[in-house]
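Understanding the architecture of this molecule
Chain by chain, the residues run as shown.
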Amino acid sequence: MPYNYKGDLYKREIVKKLQDVGLDVKSVNALNKIMEKMGLLIHYGNGWGTTDADAKFSMWHKGVLNSDLWHPELVDEIAKFLKK
């Protein structure tokens, strides 16, 4: 199952959902870069950390490096960002 017990999505599931609606997101790495442009992630050495901007999207991994679980509402926000 792609969701954890809190209903969050893994990044690979976000990529799949974005691809399913016709958006050109090739990989989790591409998703990380998009989320960095949105101000949701910052790059730390070999990993990614969340920012305060993601507070309404991240359920419980806020501030944790390599966080990969996100609230499903994030898919809509990324789609809006990419369609601009």
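Look a little higher up for the structure.
Structure report, in brief. Every value quoted in this text rests on a predicted model; they were computed, and no experiment measured them.

Focus on the overall build of the protein chain
Assigned secondary structure in the protein chain consists of three helices and four strands. Moving toward the C terminus, one meets the helices and strands of the protein chain in the order β-α-α-β-β-β-α. With 84 residues in all, the protein chain has 37% of them scored as buried. Sequence separation of 24 or more characterises 39% of the internal contacts of the protein chain that already satisfy a separation of 6 or more. Roughly 5,000 Å² of accessible area belongs to the protein chain as shown, and the carbon and sulfur atoms make up 52% of that amount.

Focus on the pattern of salt bridges
Scanning all chains against the criterion turns up three salt bridges. With a closest N to O distance of 2.9 Å, Lys16 and Asp20 form a salt bridge. One end of the pair, Lys16, and the other, Asp20, are both in helix 1 (residues 11-20), four residues apart, so they sit about a helical turn from each other. According to the relative accessible area criterion, Asp20 is exposed, its value standing at 52%. A salt bridge links Glu77 to Lys80; its shortest N-O distance comes to 3.3 Å. Here Glu77 and its partner Lys80 are both found in helix 3 (residues 73-83), three residues apart, which amounts to about one turn of the helix. Residue Glu77 is classed as partly exposed on the basis of its relative accessible area, which comes to 23%.

Comments concerning the packing of aromatic side chains
Under the definition given, this model contains zero aromatic pairs. The ring of Tyr10 is capped by Arg12, whose NZ or CZ atom sits 4.8 Å from the centre of that ring.

Re the pairing of strand 3 (residues 47-50)
Because side chains alternate across strand 3, one face comprises the buried residues Gly47 and Gly49, and the other comprises Trp48 and Thr50, equally buried. Judged from the four bridges that link them, strand 2 (residues 41-44) and strand 3 form a sheet pairing that is antiparallel. Residue pairing for strand 3: Tyr44 is matched across the bridge by Gly47. Between the antiparallel neighbours strand 2 and strand 3 lie two residues, among them Gly45 with a positive phi of about 55°.

What counts, and where the lines are drawn
Counting from 1, residues in each chain are numbered in the order their sequence is written. Where totals are concerned, whole chains, interfaces and linings use all residues; where local detail is concerned, this predicted model gives features only for residues with pLDDT of at least 70, and gives and counts side-chain atom pairs only at 80 or more. Only hydrogens and water are set aside; all other atoms, that is, all heavy atoms of the structure, feed into the side-chain values. Working definition: helices are DSSP H or I runs of at least four residues, strands are E runs of at least two. Numbering for both runs from the N terminus. Relative accessibility decides the category of a residue: with a 1.4 Å probe and only protein chains considered, values under 20% of the type maximum give buried, values over 50% give exposed, and everything between is partly exposed. Note on definitions: a residue-residue contact is assigned when non-hydrogen atoms from the two residues lie within 4.5 Å. All accessible areas in this document rest on Shrake-Rupley with a 1.4 Å probe, and a residue is counted as covered only by the protein chains that are shown. For salt bridges, the criterion is a side-chain nitrogen of Lys or Arg within 4 Å of an Asp or Glu carboxyl oxygen. Pairing of aromatic side chains here covers Phe, Tyr and the six-membered ring of Trp, requires ring centres within 6.5 Å, and sorts the geometry by plane angle: under 30 degrees stacked, over 60 edge-to-face, intermediate tilted. Any Lys NZ or Arg CZ found within 6 Å of a ring centre and within 35 degrees of that ring's normal is scored as a charge over the ring. Strands are labelled as partners when DSSP assigns at least two bridges between them.

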